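# Structural features, examined
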Amino acid sequence: MVITSKSNLKVKAAASLKEKKFRRSCGEYLVEGVKMVTECLSAKKQAMQVICTEEYAEKFPDALIVSREVFCYISDEKTPQGVCASVKIPDLTPRPPKGNCILLDGLQDPGNVGTIIRTANAAGYGEIYLINCADPFSPKAVRSSMSGIFFADIMAGEAEDVLKALSSVPIICADMDGQNAFAFEKPDKFCLCIGSEGSGISEKVKSLCSYTVSIPMRNTCESLNAAVSAGILMYLLGF
């Protein structure tokens, strides 16, 4: 049966996940696209409901089948493919890291948050901590993560709780006044901290940093995008 009503309870629940307050209350987030949903299922993430249009019914036999109009109502994409899933948000309680990790401090652009998650997954940083950041489970952040969201252990909370979980590892802050990262001798285990796009790393986090590093730039460049800086430093320090 193809659902053609936007007032269907499952349809309304899925559409509501575009908003943060409903993601919080439901404890779920929205994943879109054939590739992303397929990788989500392959990663054994807890998909609560797969929804698709008729053209993908054979590929996703357990999915809720909806009309194209209804799917566009659910989707956050401008030109949706026709497949999405509501997925359980994992436990975000901060825990001590097992290896080198990333701390994002005050990043407000969900695209940057998602891109850093994507790069962290590629570079082998399995744990990502967030303080006062954009929601990593927002549609834009999830899209930007390009499935990295399924393979990273994401933790978030109040600054005190996150920093307590990181108390066993030295924090390396990225700051324009730091020493040249290309000449820096990294410790065996560390947490790399990237600050907000506008104001950088907060004073609370900065006071606990063991090291501060910078990326050398020409005088004609004022700064780098947060996600770009994170990518350079993750690869530089991780290998």
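Everything below is about the structure printed above this text.
Summarised in this report is the structure supplied together with it. (Residues numbered from 1 in each chain as written. Predicted model: local features only at pLDDT ≥ 70, side-chain atom pairs only at ≥ 80, totals over all residues. Heavy atoms only, no water.)

### Regarding the pattern of salt bridges
Pairing between side chains becomes possible if they bear opposite charge and their charged atoms approach one another. To keep it simple, the criterion reads: Salt bridge, as used here, is a side-chain nitrogen of Lys or Arg placed within 4 Å of a carboxyl oxygen of Asp or Glu. Strands here mean DSSP runs of E at least two residues long; helices mean DSSP runs of H or I at least four residues long; both are numbered from the N terminus. For every residue, the accessible area obtained with a 1.4 Å probe (protein chains only) is divided by the maximum for its type, and the residue is called buried under 20%, exposed over 50%, and partly exposed between those limits.
Inspection of every chain in the model, using the stated rule, returns 10 salt bridges. Here Lys6 ties to Glu69 by a salt bridge, and the two come within 3.9 Å at their closest N and O atoms. Of this pair, Lys6 sits in the segment before helix H1 (9-16) while Glu69 sits in helix H4 (residues 68-74), placing them 63 residues apart in sequence. With relative accessibility at 38%, the residue Lys6 sits in the partly exposed group. A relative accessible area of 54% places Glu69 in the exposed class. With a closest N to O distance of 2.8 Å, Glu39 and Lys35 form a salt bridge. With Glu39 and Lys35 both in helix H3 (residues 34-42) and 4 residues apart, this pair spans about one turn of that helix.

### Quick word on the pairing of strand E5 (residues 101-105)
Selection rule: A clockwise path from the first strand over the helix to the second, with the strands pointing away from the viewer, defines a right-handed crossover. At least two bridges found by DSSP between two strands are what make those strands a pair.
Most of E5 is tucked away, with 5 of its 5 residues classed as buried. Side-chain alternation along E5 places Cys101, Leu103 and Asp105 on one buried face and Ile102 and Leu104 on a second face that is also buried. For the handedness criterion, the β-α-β arrangement of E5, helix H5 (residues 110-123) and strand E6 (residues 127-131) is classed as right-handed. With 5 bridges joining them, E5 and strand E9 (residues 191-195) adopt parallel strand pairing. Of the residues in E9, the one forming a bridge with Leu104 is Ile194.

### Some thoughts on H5
Since the α-helix advances by 3.6 residues per turn, residues separated by three or four positions end up pointing in the same direction. Condition: In this analysis, the expected span of each helix is defined as 1.5 Å times one less than the number of residues it contains. Contacts were defined at the residue level, with two residues in contact if any of their heavy atoms lie within 4.5 Å. In protein, a polar contact requires one atom able to donate a hydrogen and another able to accept it; more generally it is a pair of N or O atoms within 3.5 Å, and residues adjacent in sequence count only if both atoms are side-chain atoms.
In this model, H5 (14 residues) spans 20 Å end to end at C-alpha, consistent with the 20 Å of a helix rising 1.5 Å per residue. In this structure, the buried residues of H5 make contact with E5, E6, helix H6 (139-145), strand E7 (153-156) and helix H9 (226-238). Between a side-chain oxygen at the N-terminus of H5 and the backbone nitrogen of Gly111 the separation is 2.7 Å; the capping residue is Asp109. Immediately downstream of H5, the backbone of Gly124 shows phi near 90°, a positive value.

### Comments concerning empty space enclosed by the protein
The condition is simple: Put plainly, a pocket is an open set of points on a 1 Å grid over the protein atoms alone with protein on both sides within 12 Å along at least five of seven lines, a cavity is a set where a 1.4 Å probe fits but cannot get out, and a lining residue has an atom within 4 Å of a point. Grid points are joined across faces, edges and corners, and a volume is the space filled by probe spheres set on the points.
Enumeration according to the criterion identifies 1 cavity of 30 Å³ or more in this entry. Quantified by volume, the largest cavity comes out at close to 40 Å³. Forming the boundary of the largest cavity are Leu30, Glu32, Glu77, Pro139, Val142 and Arg143. Of all the elements in the fold, those that place two or more residues in the lining of the largest cavity are strand E1 (28-32) and H6.

### Things to note about the nonpolar core
Here is the rule: In this description, a nonpolar core means a group of buried Ala, Val, Leu, Ile, Met, Phe, Trp, Tyr and Cys residues linked to one another through side-chain atoms lying within 4.5 Å.
If you look at the biggest cluster of nonpolar residues, it comprises 49 residues, and the most contacted ones within it are Tyr29, Ile102, Leu104, Leu192 and Met234. If you tally residues by element for this core, the top one is H9, at 6 residues. Every residue in contact with Tyr29, bar those within four places of it in the chain, is listed here: Leu17, Arg23, Ala85, Ser86, Val87, Lys88, Ile89, Phe137, Val142, Ile149 and Phe150.

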